[in-house]
Amino acid sequence: MYKAKRILGTISARGGSKGVPGKNIHDLGGLPLIAWTIREARRSAFLDRLVVSSDDEGILAVARSHGAETPFVRPPELARDDTPGVDPVLHAVEALKPEHFDYVVLLQPTSPLRTVADIDGCIKRCLDHDWPCLISVTEAAISPYFTFSMDPGGRMEPVIAQERFHTRRQDLPRSFEPNGAVYVASCDWLASARSYLTPETRGYEMPRERSWDIDELLDFEICELLLKRAGRIT
């Protein structure tokens, strides 16, 4: 709880990963991938409950063994490849009724480098300003001012029209991209908006070294190196 608001933490982790089979429970530095998120979320000063939403009994068993609650099994229709990410979050809020929550925090297991300071920092920033939604972001690796479209003949045009093309990054405005680590939203607002990306959404900057999103086996190797560099594993 923070500012008298009850806050639900939910970790969405469906089975059936195609890139890395069993990705959400694949080993990373001696722990199942999902355990890194559970461990940091359990340290939060603000989350009233932490639940894992999954259609996979193996994932749910691992989640329980690391201290997360698994009060329901996600319905198959909410575990398809084309399921919007917000739908399992809203299902978790509904599944726990009549218990009431004012805010819900989505933590994706594929962001294992995010820390409790990032989680609680996002919650505090959002509620301190009474914003309806806040997501974690990191500075874009490539500025959109450096991106181009290209026609079949190879002719390139800047994606963002510019009077003069800038060749130095320092001359360009900073740009940011969602890093997938933390999503904070008012439950009522999210049920209405059904999206985290709206004109009302605010951002919380995280450093790139904690913003890695795991999609393939190479990402596991990179994240293990970053965990070692941060002193979180030996």
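One can find the structure itself at the top, above this paragraph.
What you see is a predicted model, and the numbers here were worked out from it, not measured in a lab. (Residues numbered from 1 in each chain as written. Predicted model: local features only at pLDDT ≥ 70, side-chain atom pairs only at ≥ 80, totals over all residues. Heavy atoms only, no water.)

Draft legend 1. Broad picture of the packing of aromatic side chains. Inspection of the entire model under this criterion finds two aromatic pairs. Their ring planes at 45° and their centres at 4.6 Å tell us that Y2 and F46 sit as a pair that is tilted. With Y2 in the segment before β1 (7-12) and F46 in the loop between α1 (33-41) and β4 (49-53), this residue pair connects regions lying 44 residues apart in the sequence. Judged by its relative accessible area of 15%, Y2 falls in the buried class. What makes F46 buried here is its relative accessible area of 13%. Centroid distance Y183 to Y196: 4.8 Å. Interplanar angle 50°. Geometry classified as tilted. Of the two residues, Y183 is situated in strand β9 (residues 176-186) and Y196 in the loop between α5 (187-193) and β10 (202-205); the sequence distance between them amounts to 13 residues. (Phe/Tyr/Trp six-rings, centres within 6.5 Å; stacked < 30°, edge-to-face > 60°. Helix = DSSP H or I, 4+ residues; strand = E, 2+ residues; numbered from the N terminus. Buried < 20%, exposed > 50% of the residue type's maximum accessible area, 1.4 Å probe, protein only.)

Draft legend 2. Fine view of the environment of S65. For S65, the location among the structural elements is in helix α2 (residues 57-65). What makes S65 exposed here is its relative accessible area of 56%. For S65 and A35, which are 30 residues apart along the polypeptide, the C-alpha to C-alpha distance reads 9.1 Å. Here the side chain of S65 touches V62 through a polar contact of 2.7 Å, landing on its backbone oxygen. (Polar contact = N/O pair within 3.5 Å; in protein donor to acceptor, adjacent residues only side chain to side chain.)

Draft legend 3. Seen up close, helix α3 (residues 86-95). In terms of residue burial, α3 counts as a mostly covered element, since eight of its ten residues are buried. Turning to α3, its buried residues number three or more, namely V86, D87, P88, V89, L90, H91, A92 and V93. Residues of α3 that are buried in the fold lie against β1, β4, β5 (103-107) and α5. (Contact = heavy atoms within 4.5 Å.)

Draft legend 4. Highlighting the nonpolar core. One finds I7 and I123 to be the most contacted residues of the largest nonpolar core, which totals 31 residues. For this core, the secondary-structure elements that each account for two or more residues are β1, α1, β4, α2, β5, α4 (116-128) and β9. For this core, the leading source of residues is α4, giving five residues. Beyond its immediate stretch of four places on either side in the chain, I123 contacts I7, S44, F46, L47, V105 and V184. (Core = buried A, V, L, I, M, F, W, Y, C linked by side-chain atoms within 4.5 Å.)

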